[in-house]
Amino acid sequence: GESVGLHLPTLSVQEGDNSIINCAYSNSASDYFIWYKQESGKGPQFIIDIRSNMDKRQGQRVTVLLNKTVKHLSLQIAATQPGDSAVYFCAENTPRGAQKLVFGQGTRLTINP
Amino acid sequence: NAGVTQTPKFQVLKTGQSMTLQCAQDMNHEYMSWYRQDPGMGLRLIHYSVGAGITDQGEVPNGYNVSRSTTEDFPLRLLSAAPSQTSVYFCASSHRGGGNQPQHFGDGTRLSIL
């Protein structure tokens, strides 16, 4: 079946550097995408979302890029801080009306001092 | 504002026992859902509800029952626990349209079946 996946299961970056977390999706009919951050022992926390009529959306220190041509989603975190250490999940909706999110496996982001 | 509250936080069961995982939200969200999270895997949808009195199956519904008698509560029932149901369970809620709105998650119930 179609699913959301991530290119890398782990990512290590230096504190202060920018982080880029990638996600490939396979359902070309998906029109909504969302990034979550999950810290140890906690539930997923909403970071940012984007709809398919957009290519880019910015939040506070985060940017999501959507490339529908190659079905690729990325999360950029600027000036990475120790508090950014977590597992990051992307998710996509199923086609209109199904009202469900399909999650990727997650990428663990580790910040080196 | 508590958001999404899940109880209990931890539970150990024996094979064949039954139990109910509780989920409550105070945001007046129409949509609620249950996911399970296993090591090395993303969240998988068990059941969801688009409003009181309406429920539907997700990706992995077998072995679980749900009901939605009020907007606030969405309990998940395991009728006869099996070791394969050992997992971390998350409840989430959102405004109408669970597939195109951010879902807000609780902090999970960690369930072990012996």
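Keep in mind that what you see is a predicted model, and the values were worked out from it rather than measured.

Basis of the calculations
- Residues numbered from 1 in each chain as written.
- Chains lettered and ligands numbered in written order.
- Predicted model: local features only at pLDDT ≥ 70, side-chain atom pairs only at ≥ 80, totals over all residues.
- Heavy atoms only, no water.
- Buried < 20%, exposed > 50% of the residue type's maximum accessible area, 1.4 Å probe, protein only.
- Helix = DSSP H or I, 4+ residues; strand = E, 2+ residues; numbered from the N terminus.
- Pairing = 2+ DSSP bridges.
- Contact = heavy atoms within 4.5 Å.
- Buried area = accessible area lost by both parts, 1.4 Å probe.
- Salt bridge = Lys/Arg side-chain N within 4 Å of Asp/Glu carboxyl O.
- Polar contact = N/O pair within 3.5 Å; in protein donor to acceptor, adjacent residues only side chain to side chain.
- Nonpolar A, V, L, I, M, F, W, Y, C, P; charged D, E, K, R; others polar.
- pLDDT = per-residue confidence, 0-100.
- Core = buried A, V, L, I, M, F, W, Y, C linked by side-chain atoms within 4.5 Å.
- Axes fitted to C-alpha atoms, helices over the stretch in contact; angles between N-to-C directions.

### Examining the pairing of strand β9 (residues 86-93) of chain A
All names here are of chain A.
- The buried fraction of β9 amounts to eight of the eight residues, a majority that puts the element mostly inside the structure.
- Along β9, one buried face is formed by Ala86, Tyr88, Cys90 and Glu92 and the opposite face, lined by Val87, Phe89, Ala91 and Asn93, is buried too.
- The pairing of strand β4 (residues 32-38) with β9 spans six bridges and is antiparallel. Bridged to phenylalanine 33 within β9 is glutamate 92.
- As judged from the three bridges shared by β9 and strand β11 (residues 107-112), these two strands associate in the antiparallel manner. Bridging across to β11, valine 87 finds its partner in arginine 108.

### Concerning the interface of chain A and chain B
- Listed as interface residues are 20 residues of chain A and, on the opposing side, 23 residues of chain B.
- A buried area of about 1700 Å², summed over both sides, lies between chain A and chain B, and 53% of it is on carbon and sulfur atoms.
- At the surface where chain A touches chain B, the tally comes to zero salt bridges.
- Joining chain A to chain B, the criterion identifies four residue pairs in polar contact (both at pLDDT 80 or more).
- Among the elements that make up the side of chain A that touches chain B, the one with the highest residue count is β4(A) (four residues).
- The residue inventory of the side of chain A that touches chain B, partitioned by class, reads nine nonpolar, seven polar and four charged.

### Focus: unusual backbone geometry
- In this structure, the amide linkage connecting Thr7(B) to the following residue, Pro8(B), adopts the cis form with an omega of -10°.
- Here Pro8(B) is to be found in the loop between β1 (4-7) and β2 (10-13).
- The phi angle at Arg61(A) is positive, at roughly 65°, despite the residue not being glycine.
- In this structure, Arg61(A) sits in the loop between β6 (56-58) and β7 (62-67).

### Section: the confidence of the model for chain B
- For chain B, mean pLDDT is 93; residues scoring 70 or higher make up 96% of the total.
- Within chain B, strand β3 (residues 19-25) of chain B carries the highest mean pLDDT (98), whereas strand β5 (residues 43-51) of chain B carries the lowest (93).

### A word on the nonpolar core
- If you look at the biggest cluster of nonpolar residues, it comprises 20 residues, and the most contacted ones within it are Trp35(A), Leu73(A), Leu75(A), Tyr88(A) and Leu109(A).
- Elements with a minimum of two residues in this core: β2 (10-14), β3 (19-25), β4, β5 (45-51), β7, β8 (72-77), β9 and β11 of chain A.
- Dropping the residues within four chain positions of it, Leu75(A) is found in contact with Ser19(A), Ile20(A), Ile21(A), Trp35(A), Ile47(A), Ile48(A), Val62(A), Thr63(A) and Tyr88(A).
- Cys23(B), Met32(B), Tyr64(B) and Ile113(B) belong to the second-largest nonpolar core, a separate cluster that totals 19 residues.

### As for the sheet that holds β3(B)
Residues and elements named next belong to chain B.
- With antiparallel pairing, four strands are arranged side by side in an open sheet as β1-β3-β8-β7. At either end of the open sheet lies a strand with only one pairing partner, and these are β1 and β7 (64-66). Pairs of neighbouring strands in the sheet enclose a mean axial angle of 20°, with direction left out of account.
- Note: β3 against strand β8 (residues 76-78), three bridges, orientation antiparallel. By the bridge assignment for β8, methionine 19 is matched with leucine 78.

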